[in-house]
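Report on the structure
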Amino acid sequence: VKKLGGPTGFGQLLQLGETQVVTTGLLAEGGYSFVYSAREVTIKASVSPPRLFAVKKVLVQDAETLKVAEMEMKLLEKLSGQPGFVKCFGTHVKIAAN
């Protein structure tokens, strides 16, 4: 994750599999997570408009929360693109320095 903006979470450059996106706004937040709008970063912008994405960020503060987040990532990857589920373009875990 390369941080381009301030503490709001906007302007973060993220690599999701083969897709690179930059966060553009906050869509929702919960107790331990945030959902951001994002747009694809591409050098082909003149050929086609960048795709739009939703990016979920989970703040993991203990082993239990990490376990739940990892389970959610595995389910999203497994069910990606199935009827009734969104396509998952990638997941990423970043261990924060204490």
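That block above? That's the structure.
Residues numbered from 1 in each chain as written. Predicted model: local features only at pLDDT ≥ 70, side-chain atom pairs only at ≥ 80, totals over all residues. Heavy atoms only, no water.

Concerning the side chain of Thr23
Heads up, the rule is: Helix and strand definitions here come from DSSP, where helices need a minimum of 4 consecutive H or I residues and strands a minimum of 2 consecutive E residues; each element is numbered from the N-terminal end. Polar contacts here mean pairs of N or O atoms no more than 3.5 Å apart (in protein, one a potential hydrogen donor and the other a potential acceptor; neighbouring residues in sequence count only if both atoms are side-chain atoms).
You can see Thr23 is positioned in strand 3 (residues 19-29). In this structure the side chain of Thr23 is engaged in a polar contact, spanning 2.9 Å, whose partner is the backbone nitrogen of Gln12.

Description of the environment of Asp62
As a reminder, the rule being used: Relative accessible area decides the class of each residue, using a 1.4 Å probe on protein chains only: under 20% of the type maximum gives buried, over 50% gives exposed, and in between gives partly exposed.
Here Asp62 lies in the loop between strand 5 (52-58) and helix 1 (63-79). On the basis of relative accessible area, Asp62 is assigned to the partly exposed category, the value being 41%. For Asp62, the side chain forms a polar contact with the side chain of Thr65, separated by 2.7 Å.

Looking at helix 1
Here is the rule: The span you would expect from a helix comes to 1.5 Å times its residue count less one.
For helix 1, which comprises 17 residues, the first-to-last C-alpha distance of 24 Å matches the rise-based estimate of 24 Å (1.5 Å per residue) to within 8%. Directly after helix 1, the chain includes Gly81, whose backbone phi takes a positive value near 85 degrees.

As for the pairing of strand 4 (residues 33-40)
Under the convention used in this document: DSSP-based pairing: two strands are paired if at least 2 bridges between them are found.
Of all eight residues in strand 4, six are buried, a share of seventy percent or more. Bridging between strand 3 and strand 4 involves seven bridges; their strand directions are antiparallel. Each bridged residue has a counterpart across the sheet, and for Ala28 the counterpart in strand 4 is Val35. The antiparallel pairing of strand 3 with strand 4 creates a hairpin that spans three residues between the two strands.

So, the packing of aromatic side chains
Note the cut-off: Any two rings among Phe, Tyr and Trp, with Trp reduced to its six-membered ring, count as a pair given centres within 6.5 Å; such a pair is stacked if its planes are under 30 degrees apart, edge-to-face if over 60, and tilted if neither.
Considering all chains together, one arrives at two aromatic pairs under this definition. On the basis of an interplanar angle of 20 degrees and a centroid distance of 6.3 Å, the ring pair of Phe34 and Tyr36 is categorised as stacked. For the pair formed by Phe34 and Tyr36, the shared burial category is buried. Arranged with centres 4.9 Å apart and planes meeting at 90 degrees, the rings of Phe53 and Phe89 form a pair that is edge-to-face. In this pair, Phe53 is assigned in strand 5 and Phe89 in the segment after helix 1, connecting sequence segments 36 residues apart. Classification of Phe53 by relative accessible area gives buried; the value is 13%.

All we've got here are geometric facts, nothing functional implied.
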